[in-house]
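The lines below spell out each chain.
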Amino acid sequence: MLDGIVLAEDLVAIVAVGITVDGCKAVLDFELGASESFSTAKALTDRLVRRGFRVAKNRPLLAVLDGSDALRKVTKKHFPDARIQRCLVHKERNLKRHLPRRHWEELHDLVDRLRKAQGAEAAIDVLGSWMRFLRRRTW
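So, here's what we can say about the structure.

Describing the packing of helix 3 (residues 88-96) against helix 4 (residues 104-116)
Helix-helix packing: each pair is described by the crossing angle between the helix axes and the interaxial distance. Their axes nearest at 11 Å, the elements helix 3 and helix 4 cross at an angle of 160 degrees. Taken as axis vectors, helix 3 and helix 4 run roughly antiparallel relative to one another. In the packing of helix 3 onto helix 4, the handedness of the crossing is right-handed. For the pair helix 3 and helix 4, contact is made by Leu88, Val89, Glu92, Leu95 and Lys96 and by Trp104, Leu107, His108, Val111, Leu114 and Arg115, respectively.

Here is the structure:
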């Protein structure tokens, strides 16, 4: 996971968090910068690679990102075969900005179902429900 955290008006920490197969999280490193920029993210990922962070040859990296173009670009630079997943917490937060408050609970329930989906078929079913929910809303 790579995520930018705003610490002050002109200070951001980009944090790299590793998640093991059994779900344990560990902070791998962080980089401070004025913004969530490509150069700040590159300094972090360059250092991780120099320190030995590698992806198994038979497994692509799954990178969970907050939607930042800079984080996506730097991830693809170092790990061209990486699979990018949008962080569901950030996705839900962004969608709430566009929805009336009365729809937030239904959105949360759909995001929660997606988080808990077991297997591709279940996830595709939830995504269909999510798409129907969003189509019914006027933007």
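Observations regarding the environment of Asn94
Residue position: Asn94 is located in helix 3. Classification of Asn94 by relative accessible area gives partly exposed; the value is 25%. With 27 residues separating them in the primary sequence, Asn94 and Gly67 have C-alpha atoms 10.0 Å apart.

A short note on a nonpolar patch on the surface
A cluster of nonpolar side chains, contributed by Ile5, Leu7, Leu11, Phe30 and Leu32, occupies part of the molecular surface with about 440 Å² of accessible area. In this structure, Leu32 sits in strand 3 (residues 25-33). On the basis of relative accessibility, which here comes to 45%, the residue Leu32 falls in the partly exposed class.

What counts and how
- Residues numbered from 1 in each chain as written.
- Predicted model: local features only at pLDDT ≥ 70, side-chain atom pairs only at ≥ 80, totals over all residues.
- Heavy atoms only, no water.
- Axes fitted to C-alpha atoms, helices over the stretch in contact; angles between N-to-C directions.
- Helix = DSSP H or I, 4+ residues; strand = E, 2+ residues; numbered from the N terminus.
- Parallel < 35°, antiparallel > 145°, perpendicular 65-115°, else oblique.
- Left-handed = near helix turned anticlockwise from the far one by under 90°.
- Contact = heavy atoms within 4.5 Å.
- Buried < 20%, exposed > 50% of the residue type's maximum accessible area, 1.4 Å probe, protein only.
- Patch = residues over 30% accessible without salt bridge, like charges linked within 9 Å, V, L, I, M, F, W, Y side chains within 5 Å.
- Areas by Shrake-Rupley, 256 points an atom, 1.4 Å probe, with all protein chains shown as cover.
- Salt bridge = Lys/Arg side-chain N within 4 Å of Asp/Glu carboxyl O.

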